[in-house]
Amino acid sequence: MGVMSVLLVNNEINFNDLKQLLELTDGNLASHLTNLEENGYIKVHKGFIGRKTNTTYSITKAGQKAFQEHIQALETMIRQVR
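Because the structure is predicted, anything quoted here is derived from the model rather than measured.

A separate point is the packing of helix H2 (residues 15-22) against helix H3 (residues 26-38). The angle between the axes and the distance between the axes are what describe a pair of packed helices. Between H2 and H3, the shortest axis-to-axis distance is 10 Å and the interhelical angle comes to 110 degrees. If you check the angle between H2 and H3, you find them roughly perpendicular. Residue-level inspection shows Phe15, Leu18, Lys19 and Leu22 of H2 in contact with H3, the latter providing Asp26, Leu29, Ala30 and Leu33.

This part covers the sheet that holds strand E2 (residues 42-49). Taken in spatial order, the three strands line up as E1-E3-E2 in an open sheet, and their pairing is antiparallel. Strand pairing shows two members of the sheet lacking a second neighbour, strand E1 (13-14) and E2, which therefore form its edges. With two bridges joining them, E1 and strand E3 (residues 52-59) adopt antiparallel strand pairing. From the neighbouring strand, Ile13 faces E3, where its bridge partner is Tyr57.

Before going further, it helps to examine the pairing of E3. Relative to E3, E2 runs antiparallel, the two sharing eight bridges. Bridge pairing links Ile49 to Lys52 in E3. Where E2 hands over to E3, the hairpin turn is made up of two residues, of which Gly50 adopts a positive phi near 65 degrees.

Parameters and conventions
- Residue indices begin from 1 for each chain and proceed along its sequence in written order.
- Local features in this predicted model are restricted to residues of pLDDT 70 or higher, and side-chain atom pairs are both shown and tallied only at a pLDDT of 80 or more, whereas totals for entire chains, interfaces and linings draw on every residue.
- Side-chain descriptors were evaluated using all non-hydrogen atoms of the structure, hydrogens and water having been removed beforehand.
- Every axis corresponds to a line fitted to the C-alpha atoms, with the helix fit spanning only the stretch in contact, and the corresponding angles, defined between N-to-C directions, vary from 0 to 180 degrees.
- For the purposes of this entry, the term helix denotes a DSSP run of H or I that reaches at least four residues, the term strand denotes a run of E that reaches at least two, and both are numbered from the N terminus.
- What sets the label is the angle itself: under 35 degrees gives roughly parallel, over 145 gives roughly antiparallel, 65 to 115 gives roughly perpendicular, and the rest give oblique.
- Note on contacts: a residue pair is in contact if any heavy atoms of the two residues lie within 4.5 Å.
- Only strands that DSSP links by at least two bridges are regarded as paired with each other.

In structure tokens form, the structure reads like this:
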């Protein structure tokens, strides 16, 4: 939820900024990102800034749709509990 929330409001974000925002370890974040990429919810862009690698992530249309449907389902569940 955290990764998708951040990507929904940012056009793209790099790995280190995402890690810092979500307060996750490298390995934990990497596993979440791999899962999201394999499901087609995010795009991974690998490049360089000078000689340093720079990996950025962005949400796909399918990712936006899936996330919005997930939020709607959660809202429906909450309304039913009240």
